[in-house]
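Observations on the model geometry
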Amino acid sequence: MIHNRREFIRSSVMAAAGLGLVEFKGFPAPNRMTRMVTAENGTPDIPFAPNRMVTWWSVLDDLQWPQKSVKDKIKRRAAAFAEAKIDTVINEGFHIRFDFANYFGQLHGYLADVCEELHRYGIKYMDHYSCNHIGRPRGEVEKQKLHRGQRHVVLLYHDPVAAKHAQYEGVFFNDICEIDVRDGSRGYSTGYQLEAFCHNHPEFLEMHRKYLLRLLNDVPMDGIEVDDMCDYAGLSTCGCKYCRDRLKQDYGHELPPLEDRSFWGDTSKDPRSWGNYENPAFRNWIRMKTDAIVDHLKMVKATVGEKPLMTCCSSGGPMLLNALSLDIEKMAPQLDFFMLENTGINIRCVNWIPRDAEALLQKDIARERGNVPSIAMTKTVYSQGGYFGWSLSRFWGVANWNCVLDKRLEETPDDAMEMEEVVYQPYNWAYKFSNLNHREGEDVAEVRLVNNRYCRENGWRDRQGAEHWSRVSAWSALLVKHNIGYRFLRADELSDANRLTENKTPLIMDGVGCVSDAQFDAICTYLSKKGCVWIALPFGTHDEKGFLRKIPLSESLLKKKYKTLTVVDSAISNDPLKGMILQKKFHPVIEQISGDPGWAVRARLHQGAPIIHFLNKTLIGRPHPKVKDNAGVPILTDIDSPITDNKLVYRINRQKLNLPQRLKVISPEWNEEKKDVTVSMLNNEYAQMHVHLDGIKIYAVILPDN
């Protein structure tokens, strides 16, 4: 059973391991032509930025609005959210939105009251719904699966008889669904028990646009998350007329029959593992599917106008995303907020290092979009999970969205907590003692880690079957291990020699198999100006469209014998950083001298002032004695730390991180207490920093003691 998007993608990876306003096609451009006001540099002018965000859970009883009990509950919750120092809420519950088409009047009336009550306290409201799905469990087994694992979604789907007649604005839902290429039936997601509307279908797009206009007219929201801009049915869809016509029109291909293994690959596997990436027609099929979703999103943005727009994204790196048509980089120009689902509800979620790469990739996408808000979503059942997720957000330098998700369980625990109870302590502590604006923070980036989307788009793998993202993730883990600050450098920036040469921090390129000529030229220009590159082969075996080069670009690159080009081992198989640090070929800004190495350290500048965050790398999840998730893994109730030596000493490169003499370390785990941090100057180049974290298990932060 699939329990969340990250698990959906993880299970898919495991399955795969076994192997401006535009006019849209098919219907006229929307008549709502306002877009968000943009700054002079063309980036969005954001009307608000979430910082302390939570889910507003809606339940079936709320459709009884305007009954007094429903209205009274709205008032009580809004007041409690204000006391918890929540600044933004996002609706969840009435998720599969077109399942509620018969009740939009009651639903919108309820949401309007929620907005107005929250606005009394200065709290922003964002609506949130799945735009392209309808609940359609097929048979008793699938129905039971749905009701075990998806209780957080208000389940009010049509029965098979009613489903034949279900419609909105005269458009019958059964007529606009994706088509399964195997048998011509409607496409179906076994992970979520859903049928999906086709992103290329003009009647669906127009129906969705009309609904958005009605929603915006009825509900005074501040922003919106239009969810599921992807394809959960995978590569088994869509074989409808509109998708076939678009593939022919845009890319010149006919969609072949399923028996054509040169295109579809081994179709005996899970549909998320289908496809032959050596076939350029298949690669273009993947591109067409994401093109359709981007065009759908353009329509949504044109319709919502000045309201900030967000969509879901649990991942941005793995190649498996191609099968789900989920491409956050391709969608980015239409988005104003970026959201990453980062933690789960069971004991495994405390192993956070593998998620660092995803978080910083999303953060870089938001930075390139104009430093718009980047938000990490925390799923939890109890307060320690919520605090841990908030700590992760602080460490990453992004906003936090906390979400109590006890309804992901088959039964809600007797001691389940309210949303405001989970976040009250960390949100109030941050508001009072460390109210950092995450958008003002500038990461101290010592290296730039290249993640080239061309590799993912074209399904590139090395001879051992590893994809580019696997190598990138391995580097991320090493950088966390050695407390080296980094940021991502992505495809467009890699193509721009001027941007590459703006600073000389090393570029790390590991398994960048697909490289365009423009990227290669920019890299050579950067190296010719004494820019530093660490490269792990292979490199440039294919071009940006996935075509094999006769001679890999690495041969030409190495022949040039650039003095600042260093060939290193892949991070998948070795720790290149360790050797470079020992050989003094690389000098980290922060080096640990003594104390337990279990603390991850990340420095950031806020208006020029250094802020240093500590997050425990060795956390141990304490399991619930009885309650497990639907996969049989115990729920997280508390978090322990094996660290015993919390007297930490670091050597700081003063040229890159100049610390003031007076610093303090604080933590929600100490409540109001603060402790001095000792800084002594070793010489003109280095200082030594002593910090004691006794009694801290999860998170602490060093600030100037002004």
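The structure displayed is predicted, hence computed values, not measured ones. (Residues numbered from 1 in each chain as written. Predicted model: local features only at pLDDT ≥ 70, side-chain atom pairs only at ≥ 80, totals over all residues. Heavy atoms only, no water.)

1. As for helix H13 (residues 383-396)
- The end-to-end C-alpha separation of H13 is 20 Å, in line with the 20 Å expected for 14 residues at 1.5 Å each.
- In terms of burial, H13 is largely enclosed, as 13 of its 14 residues are buried.
- Directly after H13, the chain includes Gly-397, whose backbone phi takes a positive value near 80 degrees. (Helix = DSSP H or I, 4+ residues; strand = E, 2+ residues; numbered from the N terminus. Expected span 1.5 Å × (residues − 1). Buried < 20%, exposed > 50% of the residue type's maximum accessible area, 1.4 Å probe, protein only.)

2. Examining the sheet that holds strand E28 (residues 686-692)
- The strand order across the open sheet formed by 9 strands is E14-E21-E22-E29-E26-E27-E28-E25-E20, and the pairing between neighbours is antiparallel. In this open sheet, the two strands that pair with only one neighbour each are strand E14 (441-443) and strand E20 (590-594). The mean angle between the axes of side-by-side strands here comes to 30 degrees, regardless of whether they run parallel or antiparallel.
- Sitting on the sheet, H13 touches strand E21 (599-606), strand E22 (609-616) and strand E29 (699-704), and the angle it makes with E21 is about 55 degrees. (Pairing = 2+ DSSP bridges. Axes fitted to C-alpha atoms, helices over the stretch in contact; angles between N-to-C directions. Contact = heavy atoms within 4.5 Å.)

3. Things to note about the packing of aromatic side chains
- Counted according to the given criterion, the structure contains 32 aromatic pairs.
- Measuring from ring centre to ring centre gives 5.2 Å for Phe-197 and Phe-204, while their planes differ by 45 degrees; the resulting arrangement is tilted.
- For the cation-ring pair, Arg-77 lies above Trp-56, with the distance from its terminal atom to the ring centre recorded as 4.0 Å.
- Just above the ring of Tyr-686 sits the side chain of Arg-651; from NZ or CZ to the centre is 5.0 Å. (Phe/Tyr/Trp six-rings, centres within 6.5 Å; stacked < 30°, edge-to-face > 60°. Lys NZ or Arg CZ within 6 Å of the ring centre and 35° of its normal.)

4. Some thoughts on a negative patch on the surface
- Taken together, Glu-410, Glu-411, Asp-414 and Asp-415 make up a surface patch of like negative charges.
- Summarising the element assignment, Asp-414 is placed in the loop between strand E13 (399-404) and helix H14 (419-433). (Patch = residues over 30% accessible without salt bridge, like charges linked within 9 Å, V, L, I, M, F, W, Y side chains within 5 Å. Areas by Shrake-Rupley, 256 points an atom, 1.4 Å probe, with all protein chains shown as cover. Salt bridge = Lys/Arg side-chain N within 4 Å of Asp/Glu carboxyl O. Lys, Arg positive; Asp, Glu negative; His and termini not counted. Charge placed at Lys NZ, Arg CZ, Asp CG, Glu CD.)

5. As for the confidence of the model for the protein
- Per-residue confidence for the protein gives a mean pLDDT of 93, with 94% of residues at or over 70.
- Note on residues 1-6: pLDDT under 50 across the span, and 32 contacts to partners over four residues away in sequence or across chains. (pLDDT = per-residue confidence, 0-100.)

6. What about the pairing of strand E12 (residues 374-380)?
- Across the 7 residues that make up E12, a large majority, 7, are buried.
- On E12, burial covers both faces: Ser-374, Ala-376, Thr-378 and Thr-380 on one face and Ile-375, Met-377 and Lys-379 on the other are all buried.
- Across 5 bridges, strand E11 (residues 338-343) lies against E12 in parallel orientation. When the sheet's bridge partners are listed, Thr-343 is paired in E12 with Thr-378.
- Taking the sense of rotation as the criterion, the β-α-β connection linking E11, helix H12 (residues 356-368) and E12 turns out right-handed.
- Bridge count for E12 against E13 is 6 bridges, and the pairing is parallel. (Right-handed = clockwise from strand over helix to strand, strands pointing away.)

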